[in-house]
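So you can see what is in the structure, the chains are spelled out below.
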Amino acid sequence: MTNYADLISDIKHKNELERYELFLQLYTVAPTQNTSPIEEAFSGPDTMVKLLFLQYLEEIPEERAVRLIVHLCEEDNEILRESAFRAFTRNHYIRKHRYLRRFVHSKNPHTMRFAIRTLAHHGDREILSALLQILPESSESIQEEILEALPFLPDTRSISYLIHFCSSSIEAIRHLSVSALVELKNHQFPVPLSIFLRMSEDPITRIHQMALAGLQKYPSLRIARIFLNKAKDERAPLENRRRALEALITFPHLNWVEPIVAIMISGKRELRVTGEITLRRFPIKTAKTGLSSLLTHPQSQM
């Protein structure tokens, strides 16, 4: 009877080919009633053996290989845990993601974040209910991971949660929430206009700008006037004014030609360049009519 424990303990003295042959021998042995040699190796204390075998397992697109890999995904040893994550990512077993779902509830925050991120990018909608359930009571880092995941799992159920977190005192949480709402709006989900109007007043530039991106999804003269007023506001940060002016590309209208030119004349170089780009993106007839009117009656128009 083969003593597999001795084989494993002797692995350090073997060359690369001999190590791989040993791994295949352990992997292909049929399991007994309780366990198998390869499972014993993965349950043992030798970290080097586990790291070595993980490299081999990532190349085997089989259910058994994936089950062995995820066995190490909650390891306290950071190097071993990250190696298991890497092996899981590289393994090409087509149904591997179902074995990661249970880690959405992992007590190890690193494993939990990896599972959420990986499954979300895979588009695994099976985890959405769990994510929304744990979102309110999670740590800040887990909340950020979930908020980053929600755009990959677009669903109307997420909207109320995202609106709630738009009121967070934490800048990163607010930004991720607004970003996710913009993405949901891109998928034609019914995101209230009011939330983007409110967040467009946020003092943080990147949140303000993301809210403007959301407002651009509601093409109307009312929203266009909001952008125009923001572009004209000399008290606002220059970049905010520039972004608002640029957003008017979404709302081409004859009424905006004159005020855009006025901003270009009285503003800084960045505003002049952005104003020119904006007018160039207007329909030719609209821009030409508005500019011709200013050339004919410059004093009365400006």
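Quantities reported herein were computed from a predicted structural model and do not represent experimental measurements.

A. Up close: the overall build of the protein. Regarding its fold elements, the protein presents 19 helices and zero strands. Each principal axis of the C-alpha atoms in the protein carries an extent, and together these give about 100 × 40 × 30 Å. For the protein, the accessible area works out to roughly 16,300 Å², and carbon and sulfur atoms hold 51% of it. One way to put it: in the protein the 39 positive side-chain charges average out to a point 11 Å from where the 36 negative ones average out.

B. Seen up close, the environment of arginine 222. Assignment of secondary structure puts arginine 222 in helix α14 (residues 221–232). Taking the relative accessible area as the measure of exposure, arginine 222 reaches 52% and is therefore exposed. Discounting residues that sit within four places of it in the chain, arginine 222 has contacts with Leu193 and Leu197.

C. Geometry of the nonpolar core. In terms of nonpolar packing, the biggest core is built from 94 residues, with Phe53, Val104, Leu181, Phe196 and Phe227 touching the most fellow members. The greatest single-element share of this core, amounting to seven residues, is contributed by helix α11 (residues 171–186). With near-sequence residues (within four places) excluded, phenylalanine 196 lies in contact with Val178, Leu181, Val182, Val191, Ala211, Gly214, Leu215 and Tyr218.

D. Structural context of the packing of aromatic side chains. Applying the stated criterion to the full structure yields 10 aromatic pairs. Summarising the aromatic geometry, the rings of phenylalanine 23 and tyrosine 27 are spaced 5.7 Å apart at their centres and angled 25° between planes, so their arrangement reads as stacked. Placement of the pair is phenylalanine 23 and tyrosine 27 together in helix α2 (residues 16–28), with a separation of four residues, close to one helical turn. Site record: aromatic cluster; members linked through ring pairs are Tyr20, Phe23, Tyr27, Phe53 and Tyr56. In this structure, arginine 64 packs its charged tip against the face of tyrosine 27, placed 4.8 Å from the ring centre. A cation over an aromatic ring shows up here: lysine 96 above the ring of phenylalanine 88, its NZ or CZ 5.0 Å from the ring centre.

E. Examining the packing of helix α5 (residues 63–70) against helix α6 (residues 78–90) more closely. Relative to each other, α5 and α6 sit at 155°, their axes nearing to 9 Å. It follows that α5 is roughly antiparallel to α6 by the angle criterion. For the pair α5 and α6, the sense of crossing is left-handed. Contact residues: α5 offers Val66, Ile69 and Val70, while α6 offers Ala84, Ala87 and Phe88. Grouping the constituent residues of the contact of α5 with α6 by class yields six nonpolar, no polar and no charged.

F. Spatial organisation of the pattern of salt bridges. In the structure shown here, the tally under the stated rule is 15 salt bridges. A salt bridge links glutamate 145 to arginine 113, with the nearest nitrogen and oxygen atoms 2.8 Å apart. Of this pair, glutamate 145 sits in helix α9 (residues 140–149) while arginine 113 is found in helix α7 (residues 109–121), placing the two residues 32 residues apart along the sequence. The class for glutamate 145 is buried, based on a relative accessible area of 5%. Note that glutamate 171 is salt-bridged to arginine 206, the shortest N-O span being 3.1 Å. One end of the pair, glutamate 171, is in helix α11; the other, arginine 206, is in helix α13 (residues 205–215), with 35 residues separating them in the sequence. Given a relative accessible area of 33%, glutamate 171 falls into the partly exposed group. When its relative accessible area of 37% is taken as the criterion, arginine 206 is described as partly exposed. Among the ionic contacts, a cluster of salt bridges with common partners joins Glu239, Arg242, Arg243 and Glu246.

G. Region of interest: the environment of valine 191. If you trace the backbone, valine 191 turns up in the loop between α11 and α12 (193–199). In this structure valine 191 comes out as buried when scored by relative accessible area, which is 4%. A sequence separation of 32 residues divides valine 191 from isoleucine 159, and the C-alpha atoms of the two residues are 6.8 Å apart. Beyond its immediate sequence surroundings of up to four residues, valine 191 is in contact with Ile159, Leu181, Leu184, Lys185, Phe196 and Tyr218.

H. Molecular detail of the packing of helix α4 (residues 47–57) against α6. The N-to-C vectors of α4 and α6 enclose an angle of 15°; their axes lie 10 Å apart at closest approach. With respect to α6, the axis of α4 lies roughly parallel. Where α4 crosses over α6, the two elements pack in a sense that is left-handed. Note on element contacts: α6 touches α4 through Ile79, Leu80, Ser83, Ala84 and Ala87, opposite Thr47, Lys50, Leu51 and Leu54. Here the residues of the contact of α4 with α6 sort into six nonpolar, two polar and one charged.

Parameters at a glance
- Residues numbered from 1 in each chain as written.
- Predicted model: local features only at pLDDT ≥ 70, side-chain atom pairs only at ≥ 80, totals over all residues.
- Heavy atoms only, no water.
- Helix = DSSP H or I, 4+ residues; strand = E, 2+ residues; numbered from the N terminus.
- Areas by Shrake-Rupley, 256 points an atom, 1.4 Å probe, with all protein chains shown as cover.
- Lys, Arg positive; Asp, Glu negative; His and termini not counted.
- Charge placed at Lys NZ, Arg CZ, Asp CG, Glu CD.
- Buried < 20%, exposed > 50% of the residue type's maximum accessible area, 1.4 Å probe, protein only.
- Contact = heavy atoms within 4.5 Å.
- Core = buried A, V, L, I, M, F, W, Y, C linked by side-chain atoms within 4.5 Å.
- Phe/Tyr/Trp six-rings, centres within 6.5 Å; stacked < 30°, edge-to-face > 60°.
- Lys NZ or Arg CZ within 6 Å of the ring centre and 35° of its normal.
- Axes fitted to C-alpha atoms, helices over the stretch in contact; angles between N-to-C directions.
- Parallel < 35°, antiparallel > 145°, perpendicular 65-115°, else oblique.
- Left-handed = near helix turned anticlockwise from the far one by under 90°.
- Nonpolar A, V, L, I, M, F, W, Y, C, P; charged D, E, K, R; others polar.
- Salt bridge = Lys/Arg side-chain N within 4 Å of Asp/Glu carboxyl O.

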